[in-house]
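# Secondary and tertiary structure notes
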Amino acid sequence: MSDRVVVVTGAFGALGRTVVQRLSEAGNGVVAVDHAPTAPQGLAVARTISGVDLTDAAQAQQVLEAVAGEFGGIDALVNIAGGFVWETVDGNSNGSWERMHALNLMTALNASRAALPWLVQGGSGRIVNIGAKAALAAATGMGAYAASKAGVHRLTEALADEYKGRVTVNAVLPSIIDTPANRKDMPDADWSTWVRADELAAVIGFLVSEDASGITGALIPVTGRV
């Protein structure tokens, strides 16, 4: 798989770094893309691209075209870029809903649209999106986040059907991911029940691989022990 080029968005965060490591160790040439201004040290990738706003379709197009030009194509895209907010529906503003829509759905849409011409050309293109178990039934305070991730689920299904036989498109649906930020926000929770980043990365790595050629349009729960 050393000749496969995989673009990972949101690559500098806790899950992104774990996925990047997993894919690199599998022999992929990984391009790590993130909104953050600088890349973390020790990221073993073919290229890092920082300061990218994937909510802007033009920026997404520019970045993916540059990657394809430099590496001769794109074989897979992992859409990790996104965000989270807890806010009840009775808030006084639509800001959180608009922000979640932009960060979770539009980043995946823009990056996928930009990558698809090259994914089709390669003959075994892969897209893996990050959905959410919470989007299956939204709880209190999860409305904006769950709605945006439900949009990711429907985007996954639509793209899978539109590109059937040319590109596989799947999503993983994690529960709470065991990250330092989540432990800080929920210090009293039972962290042992959460899904580990490496567990999620293993499933993503499989979906990116040649072995997953028969899977498309799947929404795969990866929920740890919740």
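Per chain, the residues get numbers from 1 upward, laid out in the order the sequence is written. Where local features are concerned, this predicted model is filtered to residues with pLDDT of at least 70; where side-chain atom pairs are given and counted, the filter is 80 or more; whole-chain, interface and lining totals use all residues. Only hydrogens and water are set aside when side-chain values are computed; all heavy atoms of the structure are taken into account.

## Thoughts on the layout of surface pockets
Let me state the cut-off plainly: Site definitions follow a grid-based scheme: protein atoms alone, a 1 Å grid, a 1.4 Å probe that fits but cannot get out for cavities, and for pockets an open set with protein on both sides within 12 Å along at least five of seven lines, plus lining residues having an atom within 4 Å of a point. Grid points are joined across faces, edges and corners, and a volume is the space filled by probe spheres set on the points. Only runs of H or I of at least four residues qualify as helices and only runs of E of at least two qualify as strands under DSSP, and these elements are numbered from the N terminus.
In this structure, the largest pocket encloses a volume near 1,300 Å³. Together, 43 residues line the largest pocket, and Gly 83, Phe 84, Tyr 145, Ile 177 and Asn 182 are the ones closest to its centre. Of all the secondary-structure elements, those providing two or more residues to the lining of the largest pocket are α1 (14-25), α3 (95-122), α4 (143-162) and α5 (180-185). Per-element tally for the lining of the largest pocket: the top contributor is α3, with 4 residues.

## What about α1?
Convention followed: Helix span is expected to be 1.5 Å times the residue number reduced by one. Classification of residues uses two cut-offs on accessible area relative to the type maximum, computed with a 1.4 Å probe and protein chains only: under 20% is buried, over 50% is exposed, and between them is partly exposed. Arc definition: it is the arc formed by the directions from the helix axis to the C-beta atoms. We call two residues in contact whenever any of their non-hydrogen atoms come within 4.5 Å of each other.
For α1, which comprises 12 residues, the first-to-last C-alpha distance of 17 Å matches the rise-based estimate of 16 Å (1.5 Å per residue) to within 8%. Within the sequence span of α1, burial applies to Leu 15, Gly 16, Val 19, Val 20 and Leu 23. Down the axis of α1, the smallest arc covering the buried residues is 130°, so these residues share one side. Structurally, α1 contributes buried residues whose contacts are with β1 (5-9), β2 (29-33), β4 (76-79), β5 (125-130), β7 (177-178) and α6 (197-208). At the C-terminal side of α1, Gly 27 shows a positive phi close to 95°.

## Describing the sheet that holds β4
The test is simple: Pairing between two strands is assigned when DSSP locates at least 2 bridges connecting them. Every axis corresponds to a line fitted to the C-alpha atoms, with the helix fit spanning only the stretch in contact, and the corresponding angles, defined between N-to-C directions, vary from 0 to 180 degrees.
Across the sheet, 7 strands lie side by side as β3-β2-β1-β4-β5-β6-β9; this open sheet has parallel pairing. For this open sheet the edge positions go to β3 (47-49) and β9 (219-222), each flanked by a neighbour on one side alone. Mean inter-strand twist for the sheet, computed between neighbouring axes without regard to direction, equals 20°. In terms of strand pairing, β4 meets β5 through 4 bridges, oriented parallel. Bridge pairing links Val 78 to Val 128 in β5. The strands that α3 touches are β1, β4, β5 and β6 (167-174); relative to β4, the one it contacts most, it runs at about 175°.

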